[in-house]
Amino acid sequence: MATTDTVRARAVRFDRYGDRDVLYVTDIPMPQPGPGEVLVEVRAAGINPGEINIRTGALHDLFPATFPSGEGSDLAGVVTALGEGVTEFEIGDAVLGYSWRRSSHATHTAVPVDQLVRKPDALDWAVAGGLYVAGCTAWAAVDAVDPQPGQTVAVSAAAGGVGTIVVQLLVRRGVRVLGIASPANAEWLTELGAIPVAYGENLVEHLAAAAPEPGKIDAFIDLFAPEYVRLAADLGVPVDRIETTISFAEAARIGAKSEGSTEGSTPEILTALTELATDGSIRIPIAATYPLEEVREAFAELEQRHTRGKIVLIP
């Protein structure tokens, strides 16, 4: 009988920094779960903008790659082997969570048990496999600006994978949400409970018109680019209530916040998000799914930066 020592897995790899053409899928030795870990057969794994920045070398100073490098954090799958001392899960359990080893874009990966929660049967595999980064980033971003009922919060890239969840979490707190996105996403944002605001020319005037009082915006969550951090400051939003998940240098320059999935990476938050997604309290749209072998095509779509929801690999 074949064992995990002889069976091979397949995984995404890149041997140097570059565009998506450096990505390839190859056979690797089957990962072995260490103490406190389980081996997960991956059924779905989301892709994220941060993985583009790591692969191109844009984040080399913060998160250097060791080549050949794997990639991927989001995952959902089935436990197929247990490491020493594991009692939290059994073989055959469906789980979702994350890897901090850049290893989820694969058919199998070993994951510490404290980075996994149980996947409910009712939760779609693609949603489960794309929940961690977007969900925990959104949760941390919302917490960072401390929104209070009745306040007004503006959100850039509000229809994207993270933005869609940010909007819904804010609405659940009784917040007036100004969702900045393309006009094509106006109906979608309205369905989620936000007030859509078209980006581009006259954005300041559009935001002022959508606010309950001219120019009265209590907090700002940037999910797209540093110009939105500068815009928030220019609008008079207090810097301690400006949050960005992507524009780290600009946040540091003006003293804004830059909390993300690391701050949101707790079993409690992941469990809460799983429950909300399962019972329909928040919607996690799936923009597209791709086979693992089409990882380049998946990132080509993500790099357009106009997807509504998550793009997920299906190994």
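Further up the page is the structure itself.
For clarity, every value in this text was computed on a predicted model and none was experimentally measured. (Residues numbered from 1 in each chain as written. Predicted model: local features only at pLDDT ≥ 70, side-chain atom pairs only at ≥ 80, totals over all residues. Heavy atoms only, no water.)

(A) Spatial organisation of the sheet that holds strand β10 (residues 195–198). Taken in spatial order, the five strands of this open sheet run β10-β9-β8-β11-β12, and their pairing is parallel. The strands lining the two open edges of the sheet, one partner per strand, are β10 and β12 (242–244). When the angles between neighbouring strand axes are averaged without regard to direction, this sheet yields 20°. Here three bridges tie strand β8 (residues 152–155) to strand β11 (residues 219–222), and the two strands are oriented parallel to one another. Considered in β11, the bridge of A154 is made with F220. Against the sheet, helix α3 (residues 132–145) contacts β11 and β12, and its axis sits at roughly 155° relative to β11. (Pairing = 2+ DSSP bridges. Helix = DSSP H or I, 4+ residues; strand = E, 2+ residues; numbered from the N terminus. Axes fitted to C-alpha atoms, helices over the stretch in contact; angles between N-to-C directions. Contact = heavy atoms within 4.5 Å.)

(B) Broad picture of the nonpolar core. Of all hydrophobic cores here, the largest spans 42 residues; its most connected members are L96, V155, V166, L170 and I221. In this structure, V155 is in contact with V166, L170, V177, L178, G179, I180, I221 and L223, ignoring residues within four places of it in sequence. (Core = buried A, V, L, I, M, F, W, Y, C linked by side-chain atoms within 4.5 Å. Buried < 20%, exposed > 50% of the residue type's maximum accessible area, 1.4 Å probe, protein only.)

(C) Structural detail: a nonpolar patch on the surface. On the surface, L62, F63 and F248 cluster together to form a nonpolar patch covering roughly 290 Å² of accessible area. You can call L62 exposed: its relative accessible area is 55%. (Patch = residues over 30% accessible without salt bridge, like charges linked within 9 Å, V, L, I, M, F, W, Y side chains within 5 Å. Areas by Shrake-Rupley, 256 points an atom, 1.4 Å probe, with all protein chains shown as cover. Salt bridge = Lys/Arg side-chain N within 4 Å of Asp/Glu carboxyl O.)

(D) Molecular detail of the environment of E191. Here E191 is to be found in helix α5 (residues 186–192). In this structure E191 comes out as partly exposed when scored by relative accessible area, which is 47%. At 3.4 Å, the side chain of E191 and the side chain of R283 are in polar contact. (Polar contact = N/O pair within 3.5 Å; in protein donor to acceptor, adjacent residues only side chain to side chain.)

(E) Examining unusual backbone geometry more closely. Here the residue pair F67 and P68 is connected by a cis peptide bond, since its omega of -5° sits within 30 degrees of zero. By the element assignment, P68 lies in the loop between α1 (49–56) and β4 (74–82). Phi is positive for R102, which is not a glycine, with a value near 55°. Within the element layout of this structure, R102 appears in the loop between β5 (94–98) and β6 (108–112).

(F) Spatial organisation of the pattern of salt bridges. All chains considered together, the criterion is met by 13 salt bridges. Between E250 and R253 there is a salt bridge, with its nearest N and O atoms 2.6 Å apart. Residue E250 and its partner R253 are both found in helix α8 (residues 248–254); the two are separated by three residues, about one turn of the helix. Under the relative-accessibility criterion, R253 is labelled exposed at 56%. One salt-bridge network, in which partners are shared between bridges, spans R10, D27 and E293.

(G) Region of the structure containing the packing of aromatic side chains. Tallying each qualifying case throughout the model produces six aromatic pairs. Here F224 and Y228 contribute two aromatic rings whose centre-to-centre distance is 6.3 Å and whose plane-to-plane angle is 80°, an arrangement assigned as edge-to-face. The exposure class of F224 is partly exposed, given its relative accessible area of 28%. By relative accessible area, Y228 is classed as buried at 10%. Positioned over the ring face of F299 is R55, at 5.3 Å from the centre of the ring. Against the face of W125 rests K119, its NZ or CZ located 4.4 Å from the ring centre. (Phe/Tyr/Trp six-rings, centres within 6.5 Å; stacked < 30°, edge-to-face > 60°. Lys NZ or Arg CZ within 6 Å of the ring centre and 35° of its normal.)

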